[in-house]
Each structure stands twice: as structure tokens, then as C-alpha cells.
Amino acid sequence: ELGRLLDAGGARWVFMSGRNRADRAAALDAFRSGRAPVAMATRIFNQGIDLKEMDALVVAAAGASAVQTIQRAGRLTRSRPDKRRATLYDLRDLGVYAPSVPPSKRFLERHFRARVAAYRSEGFAVEGLGEELPGRAGVNGKGSVKRFAR
């Protein structure tokens with residue numbers, strides 16, 4: 001579905017996961033060269049890849065691992081002479097729980113808060129877009145985005 005949205009917006013993009021090595025190399029080359037300035041990936045960006053070309057990252061994955069969170073953010077924060085700012089957007093899912101589910105049982109909310117703590121521990125400036133931290137998770141089917149810049 002995200003691919004359709006990118007297409008509808010006229011974005012040139014590549015998908016980096018679930019492909020054979022040659023396809024991944026071609027997609028990575030298209031991203032690095034700027035022919036496809038948007039790269040969509042699953043776990044391939046978690047570790048072992050250097051992407052100085054990246055200026056923004058959207059994290060749309062659950063998980064509370066501080067190590068994995070910092071590894072993903074690390075792809076974004078690689079320096080290059082003309083990079084002045086790196087921005088990470090972390091999507092917070094607010095609509096997966098029935099109103100009767102207590103906050104302590106909302107695991108995606110706990111995961112999100114753990115990622116926020118990891119960003120802060122690494123010196124990212126945390127800015128809320130949508131529902132502000134540390135508010136309760138909503139149940140209205142909407143999400144919010146948090147921006148983390150360094």
C-alpha cells in the first residue's frame with residue numbers, strides 16, 4: 001500500500017528487502033545515486049549497511065529493542081560534508097486496542113516509548129507531531145508521528 005501512495009505522489013522509489021543480491025545491489029545503487037531518492041526496506045537497514053546519502057528515515061515497525069532502534073537510527077546519522085540535519089519519523093500506532101484494554105497491556109505503546117527512550121539516550125531532539133508524549137494511546141484508529149532530529 002505504501003508503494004501505491006508513493007507512486008500516486010510521483011515519488012521515485014525502490015524496495016530493498018526480500019530480493020536476491022543482484023536486485024538489492026541495483027536498488028541500493030539507484031538510491032545512492034539519487035535516481036530513486038526514496039528507499040523502502042524492512043530489516044535490511046538494521047545493520048551492516050552504510051547509507052550516508054540518507055537524510056530522513058521513517059520507522060514503521062514495532063519493537064522495543066534499544067540496540068535495533070539505535071542501529072536503524074545509525075543508518076541515518078552517518079555524516080557527509082553537506083549533511084546538516086537528519087530527521088527520523090517514528091510511527092506510533094494508536095488504533096489497535098479496544099477501549100477496555102488497559103494501558104499496561106498495550107504492547108505497541110510500550111515499544112514506542114522504549115524507542116523514544118533510546119532516541120533520547122543517543123542525544124536526538126524529540127519533537128512530537130500529533131499526540132504529545134507522554135499521553136495515553138488513543139483508540140480511534142489514528143496514529144501519530146514523532147520526529148527525532150540530530
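Residues numbered from 1 in each chain as written. Predicted model: local features only at pLDDT ≥ 70, side-chain atom pairs only at ≥ 80, totals over all residues. Heavy atoms only, no water.

Undergrad: Would you explain the packing of helix H3 (residues 66-76) against helix H4 (residues 107-121) in this entry?
TA: Helix packing geometry: the angle between the two helix axes and the distance between the axes. Remark: H3 packs on H4, axes separated minimally by 9 Å, with the N-to-C direction vectors making an angle of 60°. For the element pair H3 / H4, the angle class is oblique. Between H3 and H4 the crossing geometry is right-handed. Contacts from Ala66, Thr69, Ile70 and Ala73 of H3 reach H4 at Arg115, Ala118 and Tyr119. For the contact of H3 with H4, a count of residues per class yields five nonpolar, one polar and one charged. (Axes fitted to C-alpha atoms, helices over the stretch in contact; angles between N-to-C directions. Helix = DSSP H or I, 4+ residues; strand = E, 2+ residues; numbered from the N terminus. Parallel < 35°, antiparallel > 145°, perpendicular 65-115°, else oblique. Left-handed = near helix turned anticlockwise from the far one by under 90°. Contact = heavy atoms within 4.5 Å. Nonpolar A, V, L, I, M, F, W, Y, C, P; charged D, E, K, R; others polar.)

Undergrad: Could you clarify how one ought to interpret the nonpolar core in this entry?
TA: Soluble globular proteins tend to bury their nonpolar side chains together. Core analysis: the biggest nonpolar cluster contains 18 residues, and Val14, Leu51, Met54, Leu57, Leu76, Leu88 and Tyr119 have the highest contact counts within it. When residues of this core are traced back to their parent elements, those giving at least two are helix H2 (21-33), strand E3 (56-59) and H3. At four residues, the largest contribution of residues to this core is made by H2. Discounting chain neighbours no more than four positions away, the residues touching Leu76 are Met54, Asp55, Ala56, Leu57, Lys83, Ala86, Thr87 and Leu88. (Core = buried A, V, L, I, M, F, W, Y, C linked by side-chain atoms within 4.5 Å. Buried < 20%, exposed > 50% of the residue type's maximum accessible area, 1.4 Å probe, protein only.)

Undergrad: Looking at this structure, I do not really get H4. What am I missing?
TA: Side chains of residues three or four places apart in an α-helix project in the same direction, reflecting 3.6 residues per turn. Over its 15 residues, H4 extends 21 Å from the first C-alpha to the last, a length consistent with the 21 Å expected when each residue adds 1.5 Å. Regarding H4, the residues found buried are Leu108, Glu109, Phe112, Arg115, Val116, Ala118 and Tyr119. Note on H4: the residue one or two positions beyond its end, Gly123, has a positive phi of about 90°. (Expected span 1.5 Å × (residues − 1).)

Undergrad: Would you mind showing me how to read the pattern of salt bridges here?
TA: Note that side chains of opposite charge can pair when their charged atoms are close. As enumerated under the stated definition, the model contains five salt bridges in all. Across the pair Asp82 and Arg80 runs a salt bridge, and its minimum N-O distance is 2.6 Å. Of the residues examined, Asp82 reaches a relative accessible area of 51% and is grouped as exposed. The residue Asp90 makes a salt bridge to Arg115 at a minimum N-O spacing of 2.8 Å. With Asp90 in strand E4 (residues 87-93) and Arg115 in helix H4, the pair connects residues that are 25 residues apart, well separated along the chain. Using a relative accessible area of 3% as the deciding quantity, one classes Arg115 as buried. Overlapping salt bridges, with partners in common, bring together Asp55, Arg80 and Asp82 in one network. (Salt bridge = Lys/Arg side-chain N within 4 Å of Asp/Glu carboxyl O.)

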